[in-house]
Amino acid sequence: MIRVQQEDFDVGAELAKLAAGNPGIGGITSFVGTVRNHAENQEIQAMTLEHYPGMTEKALEDIEAEARRRWPLEASLIIHRVGRLEPGDRIVLVATASKHREAAFESCRFLIDWLKTKAPFWKQEETVEGPRWVAARAEDDAAADRWTKEGA
Amino acid sequence: MIRVQQEDFDVGAELAKLAAGNPGIGGITSFVGTVRNHAENQEIQAMTLEHYPGMTEKALEDIEAEARRRWPLEASLIIHRVGRLEPGDRIVLVATASKHREAAFESCRFLIDWLKTKAPFWKQEETVEGPRWVAARAEDDAAADRWTKEGA
Amino acid sequence: MKLYYFAWVREKVGVKEEVLTPPEGVRDLAGLIAWLKERSPAHAEALADPRMVRVAINQNYVAGNPPVGPEDEIAFFPPVTGGAP
Amino acid sequence: MKLYYFAWVREKVGVKEEVLTPPEGVRDLAGLIAWLKERSPAHAEALADPRMVRVAINQNYVAGNPPVGPEDEIAFFPPVTGGAP
């Protein structure tokens, strides 16, 4: 399941829902991304996430479908927030459930790596020097490419 | 932090506590292990976890300390339950928080891999044919060894 | 043709979206970009460096120089930066 | 000397723990195991296959044939199987 929303999410409740009624699940890996109070040695006061309504949801569904094609998953979840967030706030939750932990770990990492380079979200940070758009990182492209090669 | 306990744990509350007051954290990876209702094609009605009080806590502390030596972590947590559990019940929670997701993912996987082969817990499954002790898996040794080689 | 702009591309163009009718001669992405850049200095600046701008047609990423038509929804934006650190 | 048994080793021995005073000649792990196996058929069966049994002395895993003394806490158990599937 995927969701794009302004509101915060309850990690415990979301993970419990994910596993509910499926005692074939042996493990759930999850990743929660949070807003840091600094980046590139500068203090971050807040952050605003912009997205492309419609295309974002489609991109997340495609990424989730690809994970389920590659690994034997019992359940999966992507929640991404948009709008203004402050340091410490949750930005994103990705979670995958499987019979074994290997598939859960690999697929969860895959989801966040692909999401970062393939889902249309943009971050603007507020600093004392004014707002600035976050630039894409070469490391993120490399992390996403790793799965392209391995999965080919 | 490590804990060995009979009671269940609240994943959302534990992860929130882990990150509380540290806005330098960029991501938290967690893994929740749950009791499956089958193993080796047989139905599992329940499972009992035995441990070695004293040594278990020491082993978990050592594993956690090793993770913090290898990765730049802002916080870490291992909670392992003991006693009788039923299918769908949570067994274990491991979580690591870091500035970047790479360290969080790697160290979380390390914690569960080492825990499985180095912490003195034993599982007995209840099946229709009676109780049986779970045998160690060669795959688990291989997963733990991976970190020995990489970290050497 | 519906056009969308996001992040700093939106800020430079000055609008979030616009509905335009390019002349008949505009049949591909390169032609569309050339035409947009002539419309205003804001468009010209936003689309100045093609390496910094990504394009989606009907909500799918595109590369190269695909055809564009009057019914298409075309979006211009920087490389994406969602997720977490 | 305090002895602990866990999981199926405990079930085979029949007790969870016991306090024993091995004879003076028992100075290492191999000597202790040989002596225990002579104490009862239950001990002998539990410790029959050394490849299936792990040992901790004073709550640290040991390998090989380390020395053992009267103040030591020694535990015998199968390979560990905690965590999740």
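Note that the structure is a prediction, hence the values are computed from the model and not measured. (Residues numbered from 1 in each chain as written. Chains lettered and ligands numbered in written order. Predicted model: local features only at pLDDT ≥ 70, side-chain atom pairs only at ≥ 80, totals over all residues. Heavy atoms only, no water.)

Undergrad: Pulling in residues and values, what's your account of the overall build of chain A?
TA: From N to C terminus, chain A includes four helices and 10 strands. The N-to-C order of helical and strand elements in chain A reads β-α-β-β-β-β-α-β-β-β-α-β-β-α. Relative to its full complement of 152 residues, chain A shows a buried share of 58%. Long-range contacts, defined as pairs at least 24 residues apart, comprise 75% of the intrachain contacts of chain A with a sequence gap of at least 6. With an accessible surface of roughly 6,100 Å², chain A has 49% of that area assigned to carbon and sulfur atoms. Of the charged side chains in chain A, 20 are positive and 26 negative; the average position of the first set lies 4 Å away from that of the second. (Helix = DSSP H or I, 4+ residues; strand = E, 2+ residues; numbered from the N terminus. Buried < 20%, exposed > 50% of the residue type's maximum accessible area, 1.4 Å probe, protein only. Contact = heavy atoms within 4.5 Å. Areas by Shrake-Rupley, 256 points an atom, 1.4 Å probe, with all protein chains shown as cover. Lys, Arg positive; Asp, Glu negative; His and termini not counted. Charge placed at Lys NZ, Arg CZ, Asp CG, Glu CD.)

Undergrad: I'd like to hear about the sheet that holds strand E10 (residues 130-133) of chain B, residue by residue, with values.
TA: Residue and element names in this part refer to chain B. Here four strands make up an open sheet; going across it, the order is E7-E5-E9-E10 and the pairing antiparallel. Looking at strand neighbours, the two that pair on one side only are strand E7 (83-85) and E10, the edges of this open sheet. Strand-to-strand twist in this sheet, taken as the mean axis angle between neighbours without regard to direction, amounts to 25°. In terms of strand pairing, strand E5 (residues 46-51) meets strand E9 (residues 121-127) through six bridges, oriented antiparallel. (Pairing = 2+ DSSP bridges. Axes fitted to C-alpha atoms, helices over the stretch in contact; angles between N-to-C directions.)

Undergrad: Tell me about the sheet that holds strand E3 (residues 54-57) of chain D, and name the residues and values.
TA: By way of backbone hydrogen bonds, the strands of a sheet pair with one another, either parallel or antiparallel. Residues and elements named next belong to chain D. With mixed pairing, the five strands of this open sheet are ordered in space as E2-E1-E5-E3-E4. Each having just a single partner strand, strand E2 (17-19) and strand E4 (60-62) make up the two edges of the open sheet. Direction aside, the axes of adjacent strands within the sheet are offset by 25° on average. Each of strand E1 (2-5), E2, E3, E4 and strand E5 (73-77) is contacted by helix H2 (residues 29-39), which is oriented at about 70° to E5, the strand it contacts most.

Undergrad: Got a sec to walk through the packing of helix H2 (residues 55-70) of chain B against helix H3 (residues 101-118) of chain B? Specific residues and values, please.
TA: Residue and element names in this part refer to chain B. Taken N-terminus to C-terminus, the directions of H2 and H3 make an angle of 150°; their axes are 10 Å apart at the nearest point. In terms of their interaxial angle, H2 and H3 are classed as roughly antiparallel. Crossing handedness for the pair H2 and H3: right-handed. Residue-level inspection shows Ala-59, Leu-60, Ile-63, Glu-64, Glu-66, Ala-67 and Arg-70 of H2 in contact with H3, the latter providing Phe-110, Leu-111, Trp-114, Leu-115 and Lys-118. Looking at side-chain class alone, the contact of H2 with H3 contains eight nonpolar, no polar and four charged residues. (Parallel < 35°, antiparallel > 145°, perpendicular 65-115°, else oblique. Left-handed = near helix turned anticlockwise from the far one by under 90°. Nonpolar A, V, L, I, M, F, W, Y, C, P; charged D, E, K, R; others polar.)

Undergrad: Can you explain the pattern of salt bridges? Please cite residues and give values.
TA: What the rule picks out here adds up to 48 salt bridges over all chains. Of the charged contacts in the structure, one is a salt bridge between Asp-113 of chain A and Arg-109 of chain A, with a shortest N-O distance of 3.7 Å. Taken together, the residues Asp-113 of chain A and Arg-109 of chain A, both in helix H3 (residues 101-118) and four residues apart, mark about one turn of the helix. The class of Asp-113 of chain A is buried, set by a relative accessible area of 0%. Assessed through its relative accessible area of 11%, Arg-109 of chain A is described here as buried. Between Lys-2 of chain C and Glu-17 of chain C there is a salt bridge whose closest N-O contact spans 3.8 Å. Of this pair, Lys-2 of chain C sits in strand E1 (residues 2-5) while Glu-17 of chain C sits in strand E2 (residues 17-19), placing them 15 residues apart in sequence. (Salt bridge = Lys/Arg side-chain N within 4 Å of Asp/Glu carboxyl O.)

Undergrad: Tell me about the relation of the copies chain A and chain B, and name the residues and values.
TA: Placing chain A over chain B gives an RMSD of 0.0 Å and needs a rotation angle of 180°, together with 0.0 Å of translation along the axis. These values place the two chain copies in the arrangement generated by a two-fold rotation axis. Distance from the rotation axis, computed per C-alpha, reaches its smallest value in chain A at Gly-12 of chain A: 1.9 Å. Both copies contact each other with a shared surface, as 100% of the interface residues of chain A are interface residues in chain B too. (Least-squares fit on C-alpha atoms with pLDDT ≥ 70 in both.)

Undergrad: Before we move on, can you summarise the nonpolar core with the specific residues and values?
TA: Counting residues in hydrophobic clusters, the biggest one holds 31 residues, and the most contacted among them are Tyr-52 of chain A together with Leu-3, Leu-32, Leu-36, Ile-74 and Phe-76 of chain C. Of all the secondary structure elements, the ones that give two or more residues to this core are E1, helix H1 (7-13), helix H2 (29-39), strand E3 (54-57) and strand E5 (73-77) of chain C. (Core = buried A, V, L, I, M, F, W, Y, C linked by side-chain atoms within 4.5 Å.)

Undergrad: Which residues make up the confidence of the model for chain C, and what are the values?
TA: When pLDDT is averaged along chain C, the result is 96, and 100% of the positions lie at 70 or above. Reported for the predicted complex are a pTM of 0.94 and an ipTM of 0.92. (pLDDT = per-residue confidence, 0-100.)

Undergrad: Describe the side chain of Glu-64 of chain B, naming the residues involved and giving the relevant values.
TA: Residue and element names in this part refer to chain B. Position of Glu-64 among the secondary structure elements: in helix H2. Comment: no salt bridge for buried Glu-64; closest opposite-charge side chain is Arg-68, at 4.6 Å. A polar contact is formed between the side chain of Glu-64 and the backbone nitrogen of Met-1, at a distance of 2.4 Å. Excluding anything up to four places from it in sequence, Glu-64 contacts Met-1, Ile-2, Ser-76, Leu-77, Ile-78 and Leu-111. (Polar contact = N/O pair within 3.5 Å; in protein donor to acceptor, adjacent residues only side chain to side chain.)

Undergrad: Tell me about H2 of chain C, and please be specific about residues and values.
TA: All names here are of chain C. Every buried residue of H2 is listed here: Leu-29, Leu-32, Trp-35 and Leu-36. Seen end-on, H2 carries its buried residues on one side only, within an arc spanning 125°. Looking at the buried positions of H2, the neighbouring elements they touch are E1, helix H3 (41-46), E3, strand E4 (60-62) and E5. (Arc of directions from axis to C-beta.)

Undergrad: Residues and numbers for unusual backbone geometry, please.
TA: All names here are of chain D. Non-glycine residue Ala-7 carries a positive phi angle of around 55°. Along the chain, Ala-7 falls in helix H1 (residues 7-13). Since its relative accessible area comes to 0%, Ala-7 is described here as buried. We note that Gln-59 has phi near 70°; this positive angle belongs to a residue other than glycine. Along the chain, Gln-59 falls in the loop between E3 and E4.

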